[in-house]
Amino acid sequence: MALLESSGSTETALPPLPHWEEPPADLPAAIRQVKAALRARVAASGRTVEEVFAVVEERLKAEVGEIAAARDRGEASWPVIDYADIAAGTVPASLSALVRRRGCLVVRGHFDREQALGWDRGIVDYVEGNGFFQDYRGPGDDFFGSVGSKPEIYPVYWSPAQMQARQSDRMARVQAFLNRQWTYSSAGTRWFDPDRDSLYPDRIRRRPPGTDSAGLGTHLDPGHWTCG
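Everything numeric here is computed off the predicted structure, so don't read it as measured data.

**Q** Before we go on, may I ask you to explain the overall build of the protein in this structure?
**A** When helices and strands are counted, the protein shows nine helices and eight strands. A burial count over the protein gives 21% of its 228 residues as buried. If you take every contact in the protein between residues at least 6 apart in sequence, the share linking residues at least 24 apart comes to 61%.

**Q** How do you make sense of the nonpolar core when you look at a structure like this?
**A** The nonpolar side chains of soluble globular proteins are, as a tendency, buried together. With 11 residues, the main nonpolar core is built from Phe111, Trp119, Ile123, Val127, Phe132, Tyr154, Val156, Ala161, Ala165, Met171 and Ile204. For this core, the secondary structure elements donating two or more residues are α5 (113-129) and α8 (160-166). When residues in this core are grouped by element, the largest group, three residues, is from α5. Judged by nonpolar contacts, the second largest core, of seven residues, contains Ile81, Tyr83, Ile86 and Val99.

**Q** Could you clarify how one ought to interpret the environment of tryptophan 191 in this entry?
**A** Within the secondary structure, tryptophan 191 sits in the loop between β7 (189-190) and β8 (204-205). Once the C-alpha coordinates of tryptophan 191 and glutamate 21 are considered, the two residues, 170 residues apart in sequence, prove to be 9.8 Å apart. Excluding anything up to four places from it in sequence, tryptophan 191 contacts His19, Thr183, Tyr184, Ser185 and Ser186. Within the structure, tryptophan 191 has its side chain in polar contact with the side chain of serine 186 (distance 2.8 Å).

**Q** Looking at this structure, I do not really get the side chain of serine 96. What am I missing?
**A** Assignment of secondary structure puts serine 96 in helix α4 (residues 93-102). Among all residues touching serine 96, those that are not within four sequence positions of it are Val91, Phe177 and Gln181.

**Q** What should I look at first to understand the side chain of arginine 166 in this one?
**A** On the secondary structure map, arginine 166 appears in helix α8. Buried charge without a partner: arginine 166 forms no salt bridge, and the closest opposite charge is aspartate 202, 6.7 Å away. At a separation of 2.8 Å, a polar atom in the side chain of arginine 166 contacts the main-chain carbonyl oxygen of tyrosine 157.

**Q** What exactly am I supposed to notice about the environment of proline 160 here?
**A** Among the secondary structure elements, proline 160 is positioned in helix α8. Placed 38 residues apart in sequence, proline 160 and glycine 122 show a C-alpha to C-alpha distance of 7.6 Å.

The rules behind the values
- Residues numbered from 1 in each chain as written.
- Predicted model: local features only at pLDDT ≥ 70, side-chain atom pairs only at ≥ 80, totals over all residues.
- Heavy atoms only, no water.
- Helix = DSSP H or I, 4+ residues; strand = E, 2+ residues; numbered from the N terminus.
- Buried < 20%, exposed > 50% of the residue type's maximum accessible area, 1.4 Å probe, protein only.
- Contact = heavy atoms within 4.5 Å.
- Core = buried A, V, L, I, M, F, W, Y, C linked by side-chain atoms within 4.5 Å.
- Polar contact = N/O pair within 3.5 Å; in protein donor to acceptor, adjacent residues only side chain to side chain.
- Lys, Arg positive; Asp, Glu negative; His and termini not counted.
- Salt bridge = Lys/Arg side-chain N within 4 Å of Asp/Glu carboxyl O.

This is how it looks when you write it as structure tokens:
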């Protein structure tokens, strides 16, 4: 499928983007193919890759300026949405638009406080009951030892509390809401099902009260969620 881009009084056919109905057998080759196709489309649009990046940088600077201004006014830098509105389908369109612009959000009331505290206690019991601090030997030991901190990120993936949170209906509703912020169908193609998600087996990160660690600084980690 070739898309058309208007250029003055004419329209130019852009090179198609490759896609596969099934995962390609050679992923590195597929990635190279997609990158080459993207560069070809950029070139066909009449701009260089550097010019496109310059446009993106200017837009990001404008966004950063708006975020800084909101912070100076005492406003939250990111959208805050109540779980009840997500469950009822009553999230204002303005907040959904802000989620897409900011790329993150805080969900209030996602889980009952007692449920979250119960999962926290369950994680502590699981880690201590399995003698994690006595038995674990791995790269995390040296790393956290170098910053003078007790490990706060544990390579534990499948504890009961983690699985209960991942498989919760409340979690599924929030994931579906976020999935629907993307364009999941276009030009007659349904790219993915927003109501179907895959489990992400993340590790445990637990910072006890009063923790002051340099072990993990400010960073981008798209796709992660925090239950608390």
